[in-house]
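Each chain, letter by letter, is given below.
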Amino acid sequence: MATTERKPLLLDFEKPLAELANRIDQIRKLAEENGVDVSSQIRQLEARAMQLREEIFTSLSPSQRLQVARHPRRPSTLDYIQTITDEWFELHGDRNGSDDPALIGGVARLAGQPVVMLGHQKGRDTKDNIARNFGMATPGGYRKAMRLMEHANKFGMPVLTFIDTPGALPTVVAERQGAGEAIAYNLREMFCLDVPIICTVIGEGGSGGALGIGVGDRILMFEHSVYTVITPEACAAILWKDASKAPQAAAVLKMTSYDLKNLGIIDQILSEPIGGAHSEPLKAAQTLKSALLDNLEELGRLTPTERRQLRYEKFRKMGVFTEVAH
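These numbers come from a predicted model, not from an experiment.

Caption draft 1: Fine view of the packing of aromatic side chains. All chains considered together, the criterion is met by 2 aromatic pairs. Judged by centre distance (5.3 Å) and plane angle (85 degrees), the ring pair of Phe191 and Phe315 falls under edge-to-face. With Phe191 in helix 8 (residues 179–192) and Phe315 in helix 14 (residues 304–316), the pair connects residues that are 124 residues apart, well separated along the chain.

Caption draft 2: Region of the structure containing the side chain of His224. Residue position: His224 is located in the loop between strand 6 (218–222) and strand 7 (226–228). For His224, a relative accessible area of 2% corresponds to the buried category. Of the polar contacts made by the side chain of His224, one reaches the side chain of Arg65; its length is 2.7 Å. With near-sequence residues (within four places) excluded, His224 lies in contact with Phe57, Leu60, Arg65, Val68, Ala69, Arg74, Glu272 and Gly276.

Caption draft 3: Structural detail: the nonpolar core. Leu118, Met149 and Tyr227 are the most contacted members of the largest nonpolar core, which has 30 residues in total. At the level of elements, strand 3 (113–120), helix 6 (139–154), strand 4 (159–165), helix 8, strand 5 (197–206) and strand 6 are the ones that each hand at least two residues to this core. Ranked by residue count, the leading element in this core is helix 6, at 6 residues. Contacts of Tyr227, omitting those with residues within four sequence positions, involve Ile163, Val201, Gly205, Ala210, Leu211, Gly214, Ile219, Met221, Met255, Leu260 and Ile266. Within the second largest apolar cluster, 24 residues are counted, among which are Leu78, Ile84, Ile104 and Leu299.

Caption draft 4: Quick look at the pattern of salt bridges. Scanning the model with the defined rule gives 16 salt bridges in all. A salt bridge links Lys144 to Asp99, with the shortest nitrogen-to-oxygen separation between them at 2.9 Å. Linking Lys144 in helix 6 with Asp99 in the loop between strand 1 (87–91) and strand 2 (103–110), this pair joins segments that are 45 residues apart in sequence. Given a relative accessible area of 38%, Asp99 falls into the partly exposed group. Of the charged contacts in the structure, one is a salt bridge between Glu204 and Lys122, with a shortest N-O distance of 3.2 Å. Of this pair, Glu204 sits in strand 5 while Lys122 sits in the loop between strand 3 and helix 5 (126–131), and the two are 82 residues apart along the sequence. By the burial criterion, Glu204 is buried, and Lys122 matches it. Here the salt bridges share partners, and the residues they tie into one network are Arg70, Lys122, Asp164, Glu204 and Glu233.

Rules used throughout
- Residues numbered from 1 in each chain as written.
- Predicted model: local features only at pLDDT ≥ 70, side-chain atom pairs only at ≥ 80, totals over all residues.
- Heavy atoms only, no water.
- Phe/Tyr/Trp six-rings, centres within 6.5 Å; stacked < 30°, edge-to-face > 60°.
- Helix = DSSP H or I, 4+ residues; strand = E, 2+ residues; numbered from the N terminus.
- Buried < 20%, exposed > 50% of the residue type's maximum accessible area, 1.4 Å probe, protein only.
- Polar contact = N/O pair within 3.5 Å; in protein donor to acceptor, adjacent residues only side chain to side chain.
- Contact = heavy atoms within 4.5 Å.
- Core = buried A, V, L, I, M, F, W, Y, C linked by side-chain atoms within 4.5 Å.
- Salt bridge = Lys/Arg side-chain N within 4 Å of Asp/Glu carboxyl O.

Structure (structure tokens):
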């Protein structure tokens, strides 16, 4: 995972932090030029900057969390895989003439344990994003994912999926190639796998594109990630005929990790460094690795039959509510 210094990409709500950082740099520079000791004042301002960062990132609105989830420098599937694994060998192709770069996968060793890892892969720049369809998988991508999961099931390797997509590729060609069928097939078959399945939302989890690799024994989610049936922009355009109402849609969609944990959709929230996973990617990767190993240990104590039954019951309970009479 790259850790070289680069100019930060600031989100709108981070501007006060940038202004304070510039002020600290100016004071430090003036002090050096004039030989004045301002170390105590610098420490106070740095403490204030840390406090302000914590205040901002602990009170983000749903639409602001969406901005963090979409941050161009947020760690991707490949970033996490290459950081947390001992070995990684990418596999290609759906064995039907397609190899989708928007959904990658392969075999790996995690703390010495053989596993199959797969997930959506966004690009790092415009050219890479175009090549990877901005992380929006084609039907071939989901068929490749299912092929890898069947391989894992055959050889008794746990399946670890990483979700980060606005949705499946919405093109006429993708529909013609059977996008809905490919995703539906994955949903059905993932319920039947004997091996442990852990799904983690690492960024943006959108619609059926996310669900296509989202059926698991455990659903984990990074703190500032989002998981939703439709993007706020599309929701606002449909409900209010006005895409500018996206922040309002983001609030009512209940798409944040805390909303989804309360609703019982996800099982565990993975904390992020103050400033988001992109601010300290290695720390975020270590959090992910620890959570995966803990859950693998728990799931490994169950028999395949127990895992399949609990998986089925887990998803059957979603969307079931009890009305209390007054």
